[in-house]
Amino acid sequence: MADFETDEASSKSESPEQEGQGSEDKSLLHQRLAIRELIDTEVSYLHTLRLCTSDIRGHLQQLPPGDLDILFSNIDDIIQVSSRFLHGLQETACKEEKQAHLIGNLFLEFQEELEQVYKVYCANYDQALLLVKAYQKEPELQKEIQGIIEAAVPQAGPSGLSFLLVIPLQRITKYPLLLQKILENTPADASAHPVLQRATSALQDVNSNINEYKMRKEVALKYTKVEQLSLRERLARINTHTLSKKTTRLSQLLKQEAGLVPRTEDKEFDDLEERFQWVSLCVTELKSNVAAYMDNLEAFLCFRPHERNLDIPGGAAEQYCSLARDLQLQAFLQFKQRLTGLVWQPLCSLARALVGPQNLIKKRLDKLLDFERVEEKLLDVGSVTYEEEAARHTYQALNSLIVAELPQFNHLVMQWLGQILRTFVVLQRDLADQVLRRAESSMALLPHRHVSEPDFQKLLEDTLGQSSSQLRHFRESFEKVLPPSTSQPLLPGSEHQMQSLLTRYGPGKIYQVTSNINGTGTLDLTLPRGQIVALLQNKDTKGNNSRWLVDTGGHRGYVPAGKLQLYHPINPSEKEPRRQTGMPEDYWLPTPEPTQPSVPTVPTMSQVVAVYPFVARSTHELSLQAGQPVTILEAQDKKGNPEWSLVEANGQRGYVPSNFLARTPSPTPWGWNLPS
């Protein structure tokens, strides 16, 4: 009996230890099973991701490339991170005693990388689902996609793309659960316990940050959309709610401007915005300069001297035409195409990329006004409505997103801009090399190839000077043939102005504008033909005699001296007697003074030409070019007004001002003979 009691007591004293040992072994077993589950599921997960990229994405080539980028997002980055993470997990298997500790440290090591790759994928997930729903509306396409997926991943079932696309989201949310399971089966006094606690908390923070980032991206996506709305659609969106919201913002802004309420200062954001505006200005200026460069290049390519018949057979002219033709059809055309594809189009894409951030920055100001109003109410009342709290969170999300991503955006834009500039420089250098290479063979055949550069420059200047002299002589000879300028009728209502100028300056200072003047400088005047002016000084401040200082009776400024002539009033009383003496109807046409022809043997006859260009303002009028010959049908209009004449030119009829016409000698049919 005593022995039995002793055995019973000893058995009772050993049972707690055995139970503790059994419980410890059981926890260790569950810990190893949890670790095994983590590694095995990671292997299966990585295998599925690789199937998505190789067997599925590679066979969905019937979809647009842009759709594939949205569907699979940055899955390649996830595969790269998961491959290194799985390799680290598998390396812990050889150290079972420290395996849990090593796994905790591994999660802490990959915390930042996991957050970076998964937040991008999760932010694009909603757009991928929209594409999946769009494919479901096309039965043939949906059937083809489903067949590709079932062949690669049979377990996907009828869900197809939706089943595959949600796998990365499920995986990142499962990491904290797997870590929690390992932590629950790790003794509290074990060295791995605090590490696993930190790892579990870190992965929970990763998921929270991903959700926060996804919410920010949704807010940003809402405000970066550029909608092309008509005026009616914009008016249809106006309601009492929007009016109330905009009125409240305006009130808040006015109170800040008046100093009644403080303005929220954010030095970090202000610096980022200033940098962004500077970057935007650089892009805008470069785009404007490149556009002007391309316009000038287009204008340059319009001139094709090699297509003109120079009537100079053989020699250097023919070699030049051959070189110009080769450059026009090859070098310059290729340069234009490369400039458009490598510089202009990327620059336009970069300019479009700035629209989204610009809208966000603009919208942030509106949301900041809402946020400041809610903060004031929160301080005064202590509570806000659900809608006001949502507005408060919207501003915080928008501001944090801009502050976090605008520095990266600015940096990327500057890199993009620098690459475009470098490309432009390389294209210019390639063009110069190509032109020189193509010109080498032609230059070797030119007669002046052995002339030194200074001598060739001197030869070029002499040739241009001689050509200029010949052109000047031709112009002077041509001007001798044109009729002399005549005084024009006064502009309607300018009689009082002329009398005022006559009284102030005298008749010797009164001049009339012979053709329209378009002022280009700050002190230049823009005057119509027929305007009466008074001469103040026959040169400008620099002593230039071709610019005269005149007074119009209201304004003073400079006009070209060649467009002024001394005014001779036209006396209408002189015309009536001539009409009674049987003069022809075109008596009013000014006849130039007789001049001795340069070559007396050339017979001439009189013709009527347009002295000045005229642009028709209605269907009853006829447009003319200066020097264009016309035929006078009637020397007056239908009301008998001699200031208008009915003429015919090039088979068309219409009225033109009579003082725009003049008689001039016309050459014989064989052409002009100019003095040598």
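Above this text is the structure in question.
This text gives an overview of the structure that appears in the document. Residue indices begin from 1 for each chain and proceed along its sequence in written order. Thresholds applied to this predicted model are a pLDDT of at least 70 for local features of residues and 80 or more for the giving and counting of side-chain atom pairs; totals over whole chains, interfaces and linings are not thresholded and use all residues. Water and hydrogen atoms were dropped before computing side-chain values, which therefore reflect all heavy atoms in the structure.

1. Overview of the nonpolar core
Logical step 1: Among the nonpolar cores identified, the biggest contains 61 residues, and Leu 71, Phe 107 and Tyr 118 are the most heavily contacted of them.
Logical step 2: Note on contacts: a residue pair qualifies if any of its non-hydrogen atoms lie within 4.5 Å across the two residues. Not counting the four nearest positions on each side in its chain, Phe 107 is found in contact with Leu 38, Phe 85, Tyr 175, Leu 179, Ala 199 and Leu 203.
Logical step 3: Ranked by size, the runner-up nonpolar core spans 34 residues in total, among them Val 283, Val 290, Leu 354 and Ile 361. What makes a nonpolar core is a set of buried Ala, Val, Leu, Ile, Met, Phe, Trp, Tyr and Cys residues whose side-chain atoms join them at distances within 4.5 Å. When accessible area is computed with a 1.4 Å probe and restricted to protein chains, residues below 20% of their type maximum are described as buried, those above 50% as exposed, and intermediate ones as partly exposed.

2. What to know about the side chain of Glu 42
Logical step 1: Structurally, Glu 42 can be placed in helix H1 (residues 2-56).
Logical step 2: Within the structure, Glu 42 has its side chain in polar contact with the side chain of Arg 171 (distance 2.6 Å).
Logical step 3: A polar contact of 2.8 Å, which involves the side chain of Glu 42, links it to the side chain of Tyr 175.
Logical step 4: With residues up to four places along the chain from it excluded, the contact list for Glu 42 reads Ser 82, Phe 85, Leu 86, Leu 89, Arg 171 and Tyr 175. Secondary structure elements are defined from DSSP: runs of H or I of at least 4 residues count as helices, runs of E of at least 2 residues count as strands, and each element is numbered from the N terminus. In protein, a polar contact requires one atom able to donate a hydrogen and another able to accept it; more generally it is a pair of N or O atoms within 3.5 Å, and residues adjacent in sequence count only if both atoms are side-chain atoms.

3. Some remarks on unusual backbone geometry
One can expect most non-glycine residues to show negative phi and most peptide bonds to be in trans.
Logical step 1: Of note in this structure, Ser 73 is not a glycine but carries a positive phi near 45°.
Logical step 2: Here Ser 73 is to be found in the loop between helix H2 (65-72) and helix H3 (75-91).

4. Some remarks on the sheet that holds strand S3 (residues 547-551)
Logical step 1: Taken together, the 5 strands give an open sheet; going across it, the order is S4-S3-S2-S1-S5, and neighbouring strands pair in antiparallel fashion. With one partner strand each, in any of the chains shown, strand S4 (556-560) and strand S5 (564-566) form the two edges of the open sheet. Strand-to-strand twist across the sheet, computed as the mean angle between neighbouring axes with direction ignored, equals 50°.
Logical step 2: Any two strands between which DSSP finds at least two bridges are classified as paired. Sheet topology note: the S3/S4 ladder contains 5 bridges and is antiparallel. What sits directly across from Arg 547, in S4, is Pro 560.
Logical step 3: Axis definition: a line fit to C-alpha positions, over the contact stretch in the case of helices; interaxial angles, taken between N-to-C directions, run 0 to 180 degrees. Relative to strand S2 (residues 532-537), helix H17 (residues 495-505) is tilted by about 25°, and along the sheet it contacts strand S1 (510-513), S2, S3 and S4.

5. Some words on the pairing of strand S8 (residues 644-649)
Logical step 1: Of the pairings in the sheet, the one linking strand S7 (residues 629-634) to S8 comprises 3 bridges and is antiparallel in character. Bridging from a neighbouring strand, Ile 632 pairs with Val 647 of S8.
Logical step 2: Where S8 hands over to strand S9 (residues 652-657), the hairpin turn is made up of 2 residues, of which Asn 650 adopts a positive phi near 55°.

6. Considerations on the pairing of S2
Logical step 1: With 3 bridges connecting them, S1 and S2 associate as antiparallel partners. Looking across to S2, one finds that Ile 510 is bridged to Ala 534.
Logical step 2: By the bridge criterion, 3 bridges tie S2 to S3 in an arrangement that is antiparallel. Residue pairing for S3: Leu 535 is matched across the bridge by Val 550.

7. Digging into the packing of helix H12 (residues 267-302) against helix H14 (residues 355-380)
Logical step 1: At a minimum axis separation of 12 Å, H12 and H14 run at an interaxial angle of 145°. Pair H12 / H14 crosses with left-handed handedness. Each of Phe 269, Glu 273, Phe 276 and Ser 280 in H12 lies in contact with H14, whose residues at this interface are Pro 357, Gln 358, Ile 361 and Arg 364.
Logical step 2: Under this grouping Gly is polar, as are all residues other than the nonpolar Ala, Val, Leu, Ile, Met, Phe, Trp, Tyr, Cys and Pro and the charged Asp, Glu, Lys and Arg. Here the contact of H12 with H14 is composed, by residue class, of 4 nonpolar, 2 polar and 2 charged. In this scheme the crossing of two helices becomes right-handed for a clockwise turn of the near helix relative to the far one and left-handed for an anticlockwise turn of less than a right angle.

8. Some thoughts on the packing of aromatic side chains
Logical step 1: Note on aromatic contacts: the rings of Phe and Tyr and the six-membered ring of Trp form a pair at centre separations within 6.5 Å, being stacked when their planes are under 30 degrees apart, edge-to-face when over 60 apart, and tilted otherwise. Throughout the structure, instances matching the rule amount to 12 aromatic pairs.
Logical step 2: Note on Phe 300 and Phe 332: the rings are 5.3 Å apart at their centroids and 85° apart in plane angle, and the pair reads as edge-to-face. Of the two residues, Phe 300 is situated in helix H12 and Phe 332 in helix H13 (residues 315-353); the sequence distance between them amounts to 32 residues.
Logical step 3: Classification of Phe 332 by relative accessible area gives buried; the value is 14%.
Logical step 4: Judged by centre distance (6.2 Å) and plane angle (70°), the ring pair of Phe 614 and Trp 644 falls under edge-to-face. Pair noted here: Phe 614 is in the loop between strand S6 (605-610) and S7 and Trp 644 is in strand S8, with a separation of 30 residues, a long-range link.
Logical step 5: Chaining the aromatic ring pairs together yields one cluster made of Phe 85, Phe 107, Phe 110 and Tyr 175.
Logical step 6: Taking the ring centre of Tyr 213 as reference, the NZ or CZ of Lys 119 above it sits at 4.7 Å. Charge-over-ring contacts are defined here by two conditions on Lys NZ or Arg CZ: a distance within 6 Å of the ring centre and an angle within 35 degrees of the ring normal.

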